[in-house]
Structures are given as structure tokens and as C-alpha cells.
Number of protein chains: 2
Amino acid sequence: MNSILIKDIYLGGKSTDILIENNRISRVCEHIVLPPECRPDIIDGRGKAVIPGFANMHTHAAMTIMRGAKEDMSLHKWLESIWKLEEHLDDELVYWGTKLACVEMLKTGTTLFNDQYFFIESAVKAASQMGIRGAHSFVFIDLGDADKAMMQREACIKTYEESKNWGDTAIFEIGIHAAYTVCEENIIWACNFAAEHGLKVHIHIGETSQELQDCLRIHGCTPVEYLDRLGIFSPDIIAAHCIWLSDSDIQVLGRNKVNVAHNINSNLKLASGYKFKFQELVGAGVNVCLGTDGVASSNNLDIMETMKTTALVQKAWRKDPSAITLSQLIESATKNGYRAFSLEGGEIKEGMLADLSIIDIDNYSFTPNINFEANLVYSAHSDCIQTVICNGKIVMKDRYIAEEREILSQVRKLSRKLLLGQS
Amino acid sequence: MNSILIKDIYLGGKSTDILIENNRISRVCEHIVLPPECRPDIIDGRGKAVIPGFANMHTHAAMTIMRGAKEDMSLHKWLESIWKLEEHLDDELVYWGTKLACVEMLKTGTTLFNDQYFFIESAVKAASQMGIRGAHSFVFIDLGDADKAMMQREACIKTYEESKNWGDTAIFEIGIHAAYTVCEENIIWACNFAAEHGLKVHIHIGETSQELQDCLRIHGCTPVEYLDRLGIFSPDIIAAHCIWLSDSDIQVLGRNKVNVAHNINSNLKLASGYKFKFQELVGAGVNVCLGTDGVASSNNLDIMETMKTTALVQKAWRKDPSAITLSQLIESATKNGYRAFSLEGGEIKEGMLADLSIIDIDNYSFTPNINFEANLVYSAHSDCIQTVICNGKIVMKDRYIAEEREILSQVRKLSRKLLLGQS
């Protein structure tokens, strides 16, 4: 049996021991004594704290290969130039791009990510090799082309069958790009397929004002109302963005216990909108999670940074410094993501999946350490993340990831080719 | 002569050498060959880039001792509890608090900071020992008490005389807390004193809507109009915040070439306002700089983080992803701060003060490195800062600061006493 014993680590204001057996946290108590025949890996937790792994609930991982390529453009010009780059994607680019994303996510303490991109097999291979828990969407996007729509259904069935061999840390899910890029028939088919096979559905909703205006013009209702008429909402839906919602949209999402992934950095940087109704959504019954979106729009995959920006913007536009609490932020960045995938994780508690980070608190960001949560969210950066355990395995130890040098080198080579046309 | 030669470092898209002699950058060129008798300290710049030191143009450095102490409160309650803590300040708290601030600023690449706090001699001693360039305000704050006002004038003259022995890296300046906390007589006296002795004046203006409303009620005009009537504006004024300005206020500040320090994280977190008129101020002639404000309100002193939040919020509230450019951001975080103090610095150019950072770019945040500035502002965190040179001296080498352990330990002890009443 694979076991890890973390000794004398800071948790909830005091020092504790944590035992991990196989892929679960099996014990959390002040002083764990094991029988002599047990030989766990021992981690010295002194001067360190343990936090749950972060869940990045909306990203397009392989877009790391486009980091910084398109900046300071209007949304329309930016989208066009990204699409142009995406025409050149292939398995190799997605494989190495996803690997770089995994390096970055592990270094910033993320243990679960919700991906929606192309060349799914390459993304799964990359993430599984890195030992990070990934939910990979088979993406429906047909732009109303009936032939394409049919082909995607066939490919979806095939990929679903293949996904049975993906292994422990890869989750197959259905991706519906958005209500405006997937035909009604495919939205319904995909959601039925998901329900039949117990799969989650990952969809963009309410990202821009344009999307709302177009939907009102074409369907005479909001995107949420349109999708509600198709009967898709349930606790198995993970909706990214949800910036542009009416009060009644919020009620629909809440009544159906939908999961929403809020991506503040992307929404700010692309000027899509920022008045995310955090408390109203929570109040209505929505499970609010956090995401980074792809690196092409938000430039990094850092959920710690996302927690801080989320809080600052909520406080500012509400004109209320108490508009969001530290525990709400931390839960939205950790256990709410696990809950969206019906996983027992995102908390340091006995029985939970052993997805966690050991962080350095013997530094200026945590000095003084009167309020650990405030220091974590508002003062520290992700470089405090030292060691990451995912699914019971050490996937980063003292910031070292075995493959990192090779991944940086491959991405540099491929990006030069993609972005500058240089081989 | 003290000299440092940085070899093969990334600057402006190519590899270069940089020679520092005494406290200036004396040469920047591709390949510097020195005569054999020269024995500079050599720094290997491969895999690294050089950037100008950041200028944190508004802070209350010693407030590090209150990090995380007061969170998620309404502005009014927050202010009251901070003032209550400040009643207990003394030389020892300010000394160690400022030292911790200097550790944090050096670790995040700041080489110049503009401070406004109490126990100025202790702050000067702390900063000078750490080798960071600090501008220290003698703070006028009298709340209309004429005796206090007179005593402050006397103390100001005395401190000014003492400041002549402060040494190379400490700058004496006049601090006027704000128009609503300092009597007219003292504002005029302090600004005249500054003009007479060639000093800068550091003042809070337009931080909250309440301040604006009160001024309109009491003086029948905006704070800027009120201060303009007193004739204080000039290129020697450094005004912190300036969130609540009228169009005509902007013109007044621009016409007088005032320097403005924008503190977005503090403004967001305290819900003071966020619609900072960056482009209008620049257009009118204002020198826009960036600041963090004190740790009690913004929780850290990280100017890299401040650049990113500034950009995101400008883009968002303007509804324009091209609302601010990368070069504007970087200049506002570096050379504009030096310019405010009439210092030749904040740029990597021959003749400039040798205040700079060597940063690691051989990591995921800078991969790919198609757009260095975008990676610096939007992707990386301050842990990329490796080595900091201030006034020609290495003040942090490979993230090592000699006194750091002692400083953390002292602040922990003092904060426990201040915040929890434990000795």
C-alpha cells in the first residue's frame, strides 16, 4: 500500500499529522503513531501548512503555447487572431501545451482542472503522465453544420468508449462550446448522452454582452432561458462565465443546482464584464467555482491569483469591503470544484481524496500569521506552494517536477514555429 | 571603485552586457571587455533578464506588522480598528515593520518606495540598513489643533536638519496627510517649506467619495480645487489615490504636472472606487505612477501584482481590452516613480542610477517568450525576481537577504503583542 505521513504541519491554527493511504486522506490528528511494519514516505511539515488542492474549473489548457502572443487588442481582433492560430493545432502542440499547463498548475497548487480543447487524446495523455486530475471535454462545436454535427456524435461515442481505459485521474465529460455554436439537436443529444452515462457537461454561458444580445435577437430569450427550454440544466452542468445573467436566469441556475465557473481575470482582460453576481448565485443554490480560462486570455493558470482578483472585484463593484468572505473564496477555489465533479475532495478531512498542497509559511507573505486565510488569499503568491500530492502520489516535491526542463524546451520550439513561423 | 558586470543578459529582445560603476549604470552594450586591472563583481545573466527597479509610490511601510489583522470589514469599522492599533505604535514596531516591508519590497523587485508613516527616524534607519531607496515623509496631521500644528512645524524643521545626515538612499520629503486632516495654515506652511528646500510633498487626495462629499459640503469645492486655491500644486507634489476627480480636477493636476500614485489593490479591497482615469490624467500631463498603499489595506507590497490588477481593471471598466498598453504600465511602475523624485533612474540606460532587478525567465511564466512585457505583467509573479541591485550595490542575491530570518522572528514577536496582546 502506498502511504505518506505528513508530520507536524499547520492546519486550522494548530500543528497536526496527516496520513495518506492509497489515494485518500485516512487520518488527520495531532500525533499519528504507526505500527513498525508501516513504512510511509515521511514529509516534515514544520514551518509549512497544508491546503486542499485547487480546482481550476474552466480552462483551455494547451493554450499555454500562445502565451502573450496577442495583447492589447479589441475582443473581435483578438478572437480572429486566436482562431487563426488554432487552425494550426495538432496532437503535438496540444500534448506539449497541456504538459506546460500541468507544470504551471502543479506549481500553483492546482490538482483538478476542467479542460475544454481540441485533440482530447493528447491532452489526456499529457495530464495523466503529469499525475494531475483532469476532466477532459469532448467538445461539440458545429456552427449549425448538420454533417459536422453528426460526425461529432459518432466521434463522441468512440471517445467515450476509449475513455474507459484512461486511468484513475482522467475524467471524460461532454463539452458543449456554447448555445450559439452548437445546433439544438446536438445540444439535446449531447446532454442526453451525458445523462445516460453519468457524465458532466462543460459549457460556456453568458460570457459577453454580444452573446446575450444575439440570443435575444435570434431566440427572443436569454441563453439560460434558451438552454432551459431544451431541458439541459441539472447538477451535472458546469457553466463557465455566467457574467451576463438576468435575475430569473440566476433562479433557473440555482433551482437546477448548476455549477458555475467564474473566470475573473479573463473577463476583466477581455473586457467582457465583471459584475459577477457571486452572492446572488450562491443564494439561489448555485455551486460557484473559480477558473482561469485559457492562457491566451488570462496569461496564467493561477487559482491563488484568481481568488484574490475575485475578492477585490466583488468588494469594489459592490462598494462593500465585506462583500465576500475568505472562507467563501477558498471553498470556491477548492471543494466546490470537487463537488461539481461529485468527487470527495478539496478538503483536508479523513476520507477525502488525497489532493493537497504543502505550502511554505515561514516567509514574509505569512508574517505575521494572525489570519492564515487572509495571508493565503491576499498576501501570498503561488510560489509558497512547495509539494503537491494528487490522488495520493507526490507529483511535485519541493517545487521539482522531473519533466519540466524538457517541457519548457519543447514548448519554446513549437511556439516559435506556431507564432513566428520559425522552425 | 565599486563595479558590477552583468554578462549575457536578456534586454529588449537580445543578449547584452551591463556595467555598473559606483551607483550608476555606466555601459550597456553587447560585449563589454574591461582592462585587466578592473575586477568587477561578475553576474552571469544567462537565462535571465534585467528590468528597472520598481517604484512603490505610495505606502505606509511599517503596516506590515498588521498584515491580515482586520479583514472583510466595512470601511468605517476597518479604519477605527486600524487607528486603535496605531495608538500602540512605537519606534521598535516601526523599525521592524519597515524592515519586513523592505524584505518584501526587495523580494518583489522594488528599489524605491515612497513612505508616509510615523516614527520617521526608525523607518529611515530600517530602510537605509536594507539598502533600499526610500522617500520618507515627515507627516503633517493636526485635525485642526493649532498647538499640534505649531509643534509639527517645529518638529519638521528639526527632522529636516537631521535628514542632512541620512545618507545616500534616504530622501526627506514633506507629508501632508490630507486636506481634511491638516489645517490650511499648515498645508501652506509645509508646501512653502518644501519649495524653499527643494523637497517633494506626499499627500492623499481623492481616495473616497466621502472625502469628496465632505469637501463639497465644507468648502463648496472639490479637494483638488481647495488645494489649488491654496496654491500648492507643482511637479513636486505626489498625490496618492486621485480616484474621485472631476474633469476640471484632472486639468488642474495636469497643468501643474503633478505626480499621481494609483493604488488599485487598496482602492478595490476597501471599496473606495476603481474608475481611475489613467488615460485622461496622462493626457492632461500628469505623471501617473503606481503604489500599493499599506499592507493593512492591500496585504502585500507587490508592484508586479499591482501592474496586472491596474491593467485588468482599466480594461474592464473601460470596456476596452486595449485601454492601457504594456509600456504604459511598465513605465508607470518604474521610471515615472523616479521622475516624480527628479531622479535619473527606473530605466536600463547608461547614466541612470543602478537600481535594477535580475529576473529568472527560464521558467513556465516566460514560456514561450514571444512577448516579454506581457509575460512580465500578466503571466509572472514576483518570485521571478532573483537579484536586486540598488544604488549600485547588490541588496538581494539569488533571493537571499542576510537579515531576513531575524526580521521575520522579530515581527512575529512584536505582532503577537500588538494584535493579540500576547508577549
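Bear in mind that the values here come from a model prediction, so they are computed numbers and not experimental data.

Rules behind the numbers
Residues numbered from 1 in each chain as written. Chains lettered and ligands numbered in written order. Predicted model: local features only at pLDDT ≥ 70, side-chain atom pairs only at ≥ 80, totals over all residues. Heavy atoms only, no water. Helix = DSSP H or I, 4+ residues; strand = E, 2+ residues; numbered from the N terminus. Rg over C-alpha atoms; globule rule 2.2 N^0.38 Å. Buried < 20%, exposed > 50% of the residue type's maximum accessible area, 1.4 Å probe, protein only. Contact = heavy atoms within 4.5 Å. Areas by Shrake-Rupley, 256 points an atom, 1.4 Å probe, with all protein chains shown as cover. 1 Å grid on protein atoms, 1.4 Å probe; cavity = no way out; pocket = protein on both sides within 12 Å on 5 of 7 lines; lining within 4 Å. Points joined across faces, edges and corners; volume = space filled by probe spheres on them. Nonpolar A, V, L, I, M, F, W, Y, C, P; charged D, E, K, R; others polar. Salt bridge = Lys/Arg side-chain N within 4 Å of Asp/Glu carboxyl O. Buried area = accessible area lost by both parts, 1.4 Å probe. Polar contact = N/O pair within 3.5 Å; in protein donor to acceptor, adjacent residues only side chain to side chain. Domains from an automatic or database assignment. Patch = residues over 30% accessible without salt bridge, like charges linked within 9 Å, V, L, I, M, F, W, Y side chains within 5 Å. Lys, Arg positive; Asp, Glu negative; His and termini not counted. Charge placed at Lys NZ, Arg CZ, Asp CG, Glu CD. Expected span 1.5 Å × (residues − 1). Arc of directions from axis to C-beta. Pairing = 2+ DSSP bridges. Axes fitted to C-alpha atoms, helices over the stretch in contact; angles between N-to-C directions. Least-squares fit on C-alpha atoms with pLDDT ≥ 70 in both. Phe/Tyr/Trp six-rings, centres within 6.5 Å; stacked < 30°, edge-to-face > 60°. Lys NZ or Arg CZ within 6 Å of the ring centre and 35° of its normal.

## Thoughts on the overall build of chain A
Okay, so step 1: Per the secondary structure count, chain A includes 16 helices and 16 strands.
Okay, so step 2: Taking 2.2 N^0.38 as the reference for a compact globule, 423 residues should give roughly 22 Å; the C-alpha atoms of chain A span a radius of gyration of 21 Å, in line with that estimate.
Okay, so step 3: Its C-alpha atoms put chain A at 65 × 50 × 45 Å along the principal axes.
Okay, so step 4: Within the span of chain A, comprising 423 residues, buried residues form 63% of the whole.
Okay, so step 5: When contacts within chain A are restricted to residue pairs at least 6 apart in sequence, long-range pairs at least 24 apart make up 72% of them.
Okay, so step 6: With an accessible surface of roughly 15400 Å², chain A has 50% of that area assigned to carbon and sulfur atoms.

## Quick notes on empty space enclosed by the protein
Okay, so step 1: Summed over all chains, the structure comprises seven cavities of 30 Å³ or more.
Okay, so step 2: The calculated volume of the largest cavity comes to roughly 220 Å³.
Okay, so step 3: Secondary structure elements with two or more residues in the lining of the largest cavity: α12 (303-318) and α15 (372-379) of chain A together with α12 (303-318) of chain B.
Okay, so step 4: For the lining of the largest cavity, the per-class residue count stands at nine nonpolar, seven polar and six charged.

## Describing the pattern of salt bridges
A pair can form between side chains of opposite charge whenever their charged atoms are brought close.
All names here are of chain A.
Okay, so step 1: Overall, the coordinates contain 42 salt bridges over all chains when judged by the stated rule.
Okay, so step 2: One salt bridge connects arginine 217 with aspartate 214, and the closest N-O pair in it is separated by 2.9 Å. You can see arginine 217 and its partner aspartate 214 sitting in helix α6 (residues 209-219), three residues apart, about one turn around the helix.
Okay, so step 3: Since its relative accessible area comes to 25%, aspartate 214 is described here as partly exposed.

## What to know about the interface of chain A and chain B
Okay, so step 1: With 63 residues of chain A at the interface, the matching set in chain B holds 63 residues.
Okay, so step 2: Summed over both sides, the interface of chain A with chain B buries roughly 5100 Å², with 60% coming from carbon and sulfur.
Okay, so step 3: Along the contact surface separating chain A from chain B lie eight salt bridges.
Okay, so step 4: The salt bridge involving Arg412(A) is made with Asp362(B); its shortest N-O contact spans 2.9 Å.
Okay, so step 5: Viewed at the interface, chain B and chain A are joined by 31 residue pairs in polar contact (both at pLDDT 80 or more).
Okay, so step 6: Mapped by element, the contributors of at least two residues to the side of chain A that touches chain B are α2 (91-107), α9 (264-269), α12, α15 and α16 (404-420) of chain A.
Okay, so step 7: Tallied by class, the residues present in the side of chain A that touches chain B amount to 25 nonpolar, 20 polar and 18 charged.

## Observations concerning the domain arrangement of chain A
One frequent convention defines the size of an interface as the accessible area lost when the parts assemble.
Residues and elements named next belong to chain A.
Okay, so step 1: Domains assigned within chain A are domain 1 (3-52 + 349-404) and domain 2 (54-340).
Okay, so step 2: On a C-alpha basis, the centres of domain 1 and domain 2 stand 29 Å from each other.
Okay, so step 3: Taken together, the contact between domain 1 and domain 2 spans 27 residues of the former and 26 residues of the latter.
Okay, so step 4: Taken over both partners, the interface formed by domain 1 and domain 2 buries close to 2300 Å², and the fraction arising from carbon and sulfur atoms is 65%.
Okay, so step 5: Interface area lost by domain 1 to domain 2 is led by Val377, Tyr378 and Glu403, which between them contribute 27%.
Okay, so step 6: Scanning the region where domain 1 abuts domain 2 turns up three salt bridges.
Okay, so step 7: Residue lysine 107 pairs with glutamate 404 through a salt bridge whose shortest N-O separation is 2.7 Å.
Okay, so step 8: Counting the contacts that link domain 1 with domain 2 gives nine residue pairs in polar contact (both at pLDDT 80 or more).
Okay, so step 9: Only β5 (48-52), β14 (356-360), α15, β15 (385-390) and β16 (393-396) provide two or more residues apiece to the side of domain 1 that touches domain 2.
Okay, so step 10: Split into classes, the residues belonging to the side of domain 1 that touches domain 2 amount to 17 nonpolar, five polar and five charged.

## What about a negative patch on the surface?
Residues and elements named next belong to chain A.
Okay, so step 1: A cluster of like negative charges, contributed by Asp90, Asp91, Glu92 and Glu121, occupies part of the molecular surface.
Okay, so step 2: Checked against the element boundaries, glutamate 121 lands in helix α3 (residues 120-130).
Okay, so step 3: Overall, the relative accessible area of 39% leaves glutamate 121 in the partly exposed class.

## Let's talk about helix α1 (residues 75-86) of chain B
All names here are of chain B.
Okay, so step 1: Look at α1: 16 Å from first C-alpha to last across twelve residues, which is about the 16 Å you get at 1.5 Å a residue.
Okay, so step 2: Burial in α1 covers these residues: Trp78, Ser81, Ile82, Leu85 and Glu86. For α1, the arc enclosing every buried residue in end-on projection is 145°, short of the 170-degree limit, so these residues lie on one face. Opposite its buried face, α1 presents the exposed residues His76, Lys77, Trp83 and Lys84, each directed more than 90 degrees away.
Okay, so step 3: Buried residues along α1 sit against α11 (295-298) and α16 (404-420).

## Brief notes about a positive patch on the surface
Okay, so step 1: Together, Lys275(A), Lys319(A), Lys275(B) and Lys319(B) line one region of the surface with positive charge.
Okay, so step 2: Relative to the helices and strands, Lys275(A) is located in the loop between α9 and α10 (278-284).
Okay, so step 3: On the basis of relative accessibility, which here comes to 40%, the residue Lys275(A) falls in the partly exposed class.

## A word on the layout of surface pockets
All names here are of chain A.
Okay, so step 1: For the second largest pocket, the calculated volume is near 1400 Å³.
Okay, so step 2: Along its surface, the second largest pocket is lined by 41 residues, and Trp83, Glu86, Phe118, Ile141 and His177 are the ones closest to its centre.
Okay, so step 3: Broken down by secondary-structure element, the contributors of at least two residues to the lining of the second largest pocket are α1 (75-86), α3, β8 (133-140), α4 (146-163), α6 and α11 (295-298).
Okay, so step 4: No other element matches the seven residues that α4 contributes to the lining of the second largest pocket.
Okay, so step 5: For the lining of the second largest pocket, the per-class residue count stands at 20 nonpolar, twelve polar and nine charged.

## What to know about the sheet that holds strand β7 (residues 110-115) of chain B
All names here are of chain B.
Okay, so step 1: Spatially, β6-β7-β8-β9-β10-β11-β12-β13 is the arrangement adopted by the eight strands of the open sheet, whose pairing is parallel. The open sheet has two free edges, formed respectively by β6 (54-59) and β13 (287-290), since each of these has just one partner strand. Sheet twist, expressed as the mean angle between neighbouring strand axes with direction ignored, is 25°.
Okay, so step 2: Helix-sheet contacts for α12 involve β6, β7, β12 (259-262) and β13, and the interaxial angle to β6 is about 75°.

## Here we look at the relation of the copies chain A and chain B
Okay, so step 1: Expressed as a screw operation, the relation of chain A to chain B combines 0.0 Å of axial shift with a rotation of 180°, fitting to an RMSD of 0.0 Å. Such a combination of rotation and displacement between the chain copies is what one expects of a two-fold axis. Closest approach to the rotation axis among the C-alpha atoms of chain A is made by Asp383(A), whose C-alpha sits 3.3 Å away.

## Notes on the packing of aromatic side chains
Okay, so step 1: This model, assessed by the stated rule, comprises 23 aromatic pairs over all chains.
Okay, so step 2: Where Phe140(A) meets Trp189(A), the ring centres are 6.0 Å apart and the plane angle is 55°; that geometry is what we call tilted. Of the two residues, Phe140(A) sits in strand β8 while Trp189(A) sits in helix α5 (residues 184-197), which places them 49 residues apart along the sequence.
Okay, so step 3: What makes Phe140(A) buried here is its relative accessible area of 0%.
Okay, so step 4: Among the aromatic side chains, those forming a connected cluster through ring pairs are Phe138(A), Phe140(A), Tyr160(A), Trp166(A), Phe172(A), Trp189(A) and Phe193(A).
Okay, so step 5: Over the ring of Tyr378(B) we find Lys269(A); its NZ or CZ atom is 4.4 Å from the centre of that ring.

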